[in-house]
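Results of the structural survey
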Amino acid sequence: MVKVSGRLTRHSTVEVEVEHDPGARSQGKGRIWSGSAEIAAGSVGIARVPDGKLKDGWQVRWRARATSAAAVSSWTEWQSVKIDLGDSGQASTPKKAEATAVQNADFDYEHMSLEMCSEGRRNAPQPNASFGWQKSSRYNACWSKLIGVGDYIKKGEYVRPQVEDGYLVEATTVYHTYLGTADGAGVIGGTGLTPQTISMWTRLGNIVAYLDGKEIPADKLDEYRIGLVISSKGESGSTCNLTPAVLSQMKAKGWQEYGDGIYTFRDSIAKFKASGDTFFRFYSDPDSDRVSTCTLRPRLYNTLDEWDDDGEVDETWDKQAIPLWNTGCFDDKGLDVGKVIGTTRVCGGPSYAYAPTTRCDELTLGQEDEDPPSTVRAAANNTYGVHTGACIFTITPVFTMSKSAATAAGKPMDAVIDHIADALKTPDNKNTWPYKLVNNVRQVKTIPGNADVPGSNPLTRLLGKKNADENRKKFNWERQVNGHLTKGECDLYYWELNPSLKWVQHYTQAGLQCDEFPFASTYQGKVGNDYSVRPINGLQNRNHRWTWLRTFYSRNRLADKDPFLVRTRS
């Protein structure tokens with residue numbers, strides 16, 4: 001059985017997955033069992049693996065996560081266990097297999113496993129596409145594709161390659177990055193890691209080798225070799241290197257250092273078929289501005305020349321190495337926008353050839369005043385939403401605002417969500433205040449940031465409380481109007497809705513606050529852009545601004561001019 005304990009603040013469910021350890025492939029591969037246990041606040045839950053699922057001597061690994069009505073936590077790191085049935089015939093473990101419920105249980109890294117990534121490609125509309133399949137988010141990236149090396153019998157953009165002399169391999173790569181705790185001494189949902197850590201897994205699986213168009217028998221595969229090339233590079237002034245512990249393990253297995261930050265490994269196809277998974281861990285050391293990038297390039301080592309009887313070791317791999325990531329073209333949302341013209345794949349639209357790159361920082365974000373972001377670490381027990389340090393992929397994040405989730409967390413913001421939904425809805429947003437008039441006719445407003453509208457322009461973060469306060473001046477002003485003190489656009493709208501209160505009561509006297517969209521903390525909130533304001537429940541406005549929006553900015557490491565989208569849900 002596996003125990004999961006922690007100080008849970010509400011009724012939760014703990015989900016557990018158990019699978020074969022990738023390092024013991026001869027015992028099996030993939031998931032063995034998954035289950036769950038219901039846990040009341042402050043209690044301990046037990047998820048029991050059914051009898052007969054585990055065998056004596058098996059090396060397995062497990063992970064767990066907590067879920068509630070409001071949120072789902074990230075998975076814990078995989079934990080390895082050797083099964084010992086003992087005299088009773090029931091599974092036990094050398095140590096208590098316990099995982100403390102992760103901090104910030106509503107935060108999900110969206111981390112994927114190698115199995116999830118490769119399965120994603122197999123189930124994709126074009127599983128055999130030569131540019132492969134990818135899925136990326138702020139803290140996760142995965143690529144999977146079929147690679148054919150050698151003389152082709154059949155080759156095409158969406159055709160499963162067939163090789164006459166060479167090999168076919170399913171290559172999958174997964175990257176995990178992490179978010180720092182308030183003080184940056186650790187990461188959310190993990191132990192023994194720092195926020196500047198990047199984990200990477202590669203898998204060369206389902207390898208089939210051919211000679212003269214015929215599959216090479218398994219007992220002959222020791223004679224044929226393939227390999228990997230791993231390189232890492234930080235931007236100028238910073239470093240991105242393998243951690244000493246992982247590098248030591250790699251060298252013990254036979255990895256060779258080819259150049260600065262470049263390592264190569266070759267072995268027989270037979271051994272790669274037996275265990276084609278490899279784990280790497282890197283550490284990014286930012287420069288003086290506390291921000292840096294780290295580019296990781298895993299590649300297939302093309303050893304085909306060595307297959308000849310008189311073949312010599314080929315040291316020109318760098319001209320032939322095949323990327324394990326997709327070399328298609330991607331826009332700033334991580335979407336593949338490559339096009340096929342004739343037989344050539346080219347970029348189309350505002351895009352770039354993507355190489356796996358993370359942006360790492362040592363900044364403290366989520367505090368009240370970020371003008372500029374702090375380089376002073378927060379206290380470990382700082383308020384919810386404050387985080388120091390992280391590494392991210394620069395995929396445009398989406399701020400999903402859910403009424404049910406916010407209410408379940410005790411921080412409702414229904415009024416804010418209703419306002420933003422109305423501001424984004426066209427053509428009805430012509431009725432949001434202040435009216436956009438042309439010849440006294442209300443016009444539809446152009447308000448960006450809608451994640452539910454394909455192609456919608458994103459919002460971009462405007463950093464600094466002073467800048468946000470400056471943006472608010474366009475609607476949050478005080479002056480005499482017709483001889484009466486008027487508190488901005490929200491007073492005018494409040495009186496539009498309540499004519500009997502005009503010049504008599506300000507909206508603030510009703511306990512309301514002036515909510516704006518686009519947010520004042522974005523460049524789109526500046527003077528000259530279409531916008532909407534509405535007097536709403538003050539508490540809910542504060543919940544949105546000081547809990548949900550601030551936390552979203554912090555967790556997604558949104559720096560100045562970083563893009564993001566929004567989505568509203570009931």
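In case you missed it, the structure is sitting above this.
This write-up is about the structure you can find in this document. (Residues numbered from 1 in each chain as written. Predicted model: local features only at pLDDT ≥ 70, side-chain atom pairs only at ≥ 80, totals over all residues. Heavy atoms only, no water.)

The next thing to look at is the overall build of the chain. Looking only at helices and strands, the chain has nine helices and 34 strands in total. Expressed as a percentage of the 570 residues in the chain, the buried residues total 51%. The long-range fraction of contacts in the chain, counting pairs at least 24 apart against all pairs at least 6 apart in sequence, stands at 70%. (Helix = DSSP H or I, 4+ residues; strand = E, 2+ residues; numbered from the N terminus. Buried < 20%, exposed > 50% of the residue type's maximum accessible area, 1.4 Å probe, protein only. Contact = heavy atoms within 4.5 Å.)

With respect to the helices and strands, S136 occurs in strand β8 (residues 133-137). For S136, a relative accessible area of 19% puts it in the buried group. In this structure the side chain of S136 is engaged in a polar contact, spanning 2.8 Å, whose partner is the side chain of Q134. Ignoring sequence-local partners within four residues, the contact set of S136 consists of A141, W143 and I395. (Polar contact = N/O pair within 3.5 Å; in protein donor to acceptor, adjacent residues only side chain to side chain.)

Our focus in this paragraph is the pattern of salt bridges. Here the structure, examined in full by the defined rule, presents 21 salt bridges. A salt bridge links R203 to D277, with the shortest nitrogen-to-oxygen separation between them at 2.6 Å. Taken together, the residues R203 in strand β11 (residues 197-211) and D277 in strand β17 (residues 277-285) connect sequence positions 74 residues apart. Overall, R203 belongs to the buried group, its relative accessible area being 12%. When the shortest N-O distance is used, the salt bridge between D452 and R569 registers 3.0 Å. Of this pair, D452 sits in the loop between β28 (441-442) and β29 (459-460) while R569 sits in strand β34 (residues 563-569), placing them 117 residues apart in sequence. On the accessibility criterion, R569 (36% relative accessible area) is partly exposed. Through salt bridges that share partners, E119, R121, R122 and E170 make up one connected network. (Salt bridge = Lys/Arg side-chain N within 4 Å of Asp/Glu carboxyl O.)

With that out of the way, let us pick up unusual backbone geometry. A cis amide bond, omega 0°, links T426 with the succeeding residue P427. Within the secondary structure, P427 sits in the loop between α6 (414-424) and β27 (437-438). Cis geometry marks the peptide bond from W433 to P434; its omega dihedral reads -5°. One non-glycine residue, E110, lies in positive phi territory at about 65°. Positioned with a positive phi, N482 is a non-glycine residue whose angle comes to about 55°.

Most of strand β18 (residues 291-301) is tucked away: eight of the eleven residues are buried. Bridge count for strand β13 (residues 225-234) against β18 is eight bridges, and the pairing is antiparallel. Its bridge partner lying in β18, G227 is registered against Y301. When β18 meets strand β24 (residues 357-365), the two strands line up antiparallel, connected through five bridges. Its bridge partner being in β24, C294 is matched across the sheet by T358. Here two bridges tie β18 to strand β19 (residues 322-323), and the two strands are oriented antiparallel to one another. (Pairing = 2+ DSSP bridges.)

So, on to helix α1 (residues 114-122). Buried within α1 we find L114, C117, S118, G120 and R121. Buried residues along α1 cover an arc of 150° about the axis, so they all sit on one side. (Arc of directions from axis to C-beta.)

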